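Breakdown of the fold
Here are the chains, one letter per residue:
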Amino acid sequence: NKITFTIQPMLTLVVGDKITITNLRGTLTPSSATLPVAGAQQGIVGNTGAWTQGTGELVLTIASPMPSNSPSVLEISVINSWSPSGLQTPRISASGKVTLLQVDMAAAILGASTASGNTWTVKTIAETSAVAGADNAITVSFQPSVEMVSPSTITFTGLLGAQTADQSLVVSGSQAHLFLN
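Residues numbered from 1 in each chain as written. Predicted model: local features only at pLDDT ≥ 70, side-chain atom pairs only at ≥ 80, totals over all residues. Heavy atoms only, no water.

Side note on the overall build of the protein
Regarding its fold elements, the protein presents zero helices and ten strands. Taken from N to C terminus, the helices and strands of the protein fall in the order β-β-β-β-β-β-β-β-β-β. Scored against the burial criterion, the 181 residues of the protein give a buried share of 24%. Here the contacts in the protein between residues at least 6 apart in sequence split such that 62% fall between residues at least 24 apart. Carbon and sulfur atoms provide 56% of the accessible area of the protein, an area that totals close to 11,700 Å². (Helix = DSSP H or I, 4+ residues; strand = E, 2+ residues; numbered from the N terminus. Buried < 20%, exposed > 50% of the residue type's maximum accessible area, 1.4 Å probe, protein only. Contact = heavy atoms within 4.5 Å. Areas by Shrake-Rupley, 256 points an atom, 1.4 Å probe, with all protein chains shown as cover.)

Describing the sheet that holds strand E8 (residues 100-104)
With antiparallel pairing, the six strands of this open sheet are ordered in space as E3-E4-E5-E2-E7-E8. In the strand order of this sheet, the two ends are held by strand E3 (32-36) and E8, each with one partner. On average, each strand axis in the sheet is inclined to that of its neighbour by 25°, with strand direction left out of account. Direction of pairing for strand E4 (residues 48-52) relative to strand E5 (residues 57-61): antiparallel, over a ladder of three bridges. When the bridges of E5 are listed, Trp51 appears paired with Leu58. (Pairing = 2+ DSSP bridges. Axes fitted to C-alpha atoms, helices over the stretch in contact; angles between N-to-C directions.)

Examining the pattern of salt bridges
Pairing between side chains of opposite charge can happen when their charged atoms approach one another. In this structure the tally under the stated criterion is two salt bridges. A salt bridge links Lys2 to Glu75, with the nearest nitrogen and oxygen atoms 3.9 Å apart. Placement of the pair is Lys2 in strand E1 (residues 2-7) and Glu75 in strand E6 (residues 72-77), with a sequence separation of 73 residues. Of the charged contacts in the structure, one is a salt bridge between Arg91 and Asp104, with a shortest N-O distance of 3.5 Å. Here Arg91 is found in strand E7 (residues 91-95), whereas its partner Asp104 is found in strand E8, with 13 residues between them in sequence. Classification of Arg91 by relative accessible area gives partly exposed; the value is 29%. (Salt bridge = Lys/Arg side-chain N within 4 Å of Asp/Glu carboxyl O.)

Observations regarding the pairing of E8
Pairing of E7 with E8, which is carried by three bridges, proceeds in the antiparallel orientation. Paired with Ala94 across the strands is Leu100, a residue of E8. Here E7 folds back onto E8 in antiparallel fashion, the turn holding four residues, of which Gly96 has a positive phi close to 125°.

Observations regarding unusual backbone geometry
The phi torsion at Asn23 lies on the positive side, around 70°, for a residue other than glycine. Mapped onto the elements of the fold, Asn23 is located in the loop between strand E2 (18-22) and E3. Judged by its relative accessible area of 16%, Asn23 falls in the buried class. Phi is positive for Asn47, close to 70°, though the residue is something other than glycine.

Observations concerning the environment of Leu101
Inspection of the secondary structure assignment puts Leu101 in strand E8. Residues Leu101 and Arg91 lie ten residues apart in sequence; the distance between their C-alpha atoms is 9.9 Å. If near-sequence neighbours (up to four positions away) are discounted, Leu101 is found in contact with Ile92 and Ser93.

Concerning the environment of Thr128
Within the fold, Thr128 resides in the loop between strand E9 (120-127) and strand E10 (138-144). Once residues within four sequence positions are removed from consideration, Thr128 is found in contact with Asp135, Asn136 and Ala137.

Focus on the confidence of the model for the protein
Taken over all residues, the pLDDT of the protein has a mean of 81, while the share at 70 or more is 79%. pLDDT under 50 marks residues 112-116. Its contacts with residues more than four places away, or in other chains, come to nine contacts. (pLDDT = per-residue confidence, 0-100.)

Right, dumping it as structure tokens:
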């Protein structure tokens with residue numbers, strides 16, 4: 001997930017000042033003293049920031065003045081959580097020679113849930129027989145709108161009326177290698 005910050009401070013931030021962006025909790029991105037920063041003005045913060053996963057805090061140290069008369073666009077990439085974390089509104093502040101009090105940023109982000117657009121782009125199910133008592137192979141085709149990684153779990157419900165006892169079933173097909181059997 002690429003997060004874009006458009007920042008225009010009320011006062012010019014000078015070399016050594018720090019921008020702190022908080023409330024970015026719930027990512028899978030590990031803590032790093034050198035999280036890459038991209039964007040049109042990435043050089044203003046020396047191309048990296050200090051990221052703390054547990055608190056969801058990003059600290060950017062000003063490497064060249066950040067002007068107050070035009071917006072600076074910075075981007076970071078994080079890995080979204082696999083479970084819904086709810087939307088969060090980041091907060092921003094500045095400290096050092098110039099101090100700017102912490103305020104909410106404009107939009108809520110990091111809402112890894114179906115409400116944020118994560119869904120299935122392909123979802124079909126078919127059977128080989130509808131005859132009572134006959135063997136029946138069920139074929140399921142699906143493609144999530146986001147990448148899934150181990151140890152994700154996919155659950156199919158509503159397959160009622162089968163005579164097969166509760167058990168783990170064998171996954172077969174051209175993509176079976178992607179699943180644990």
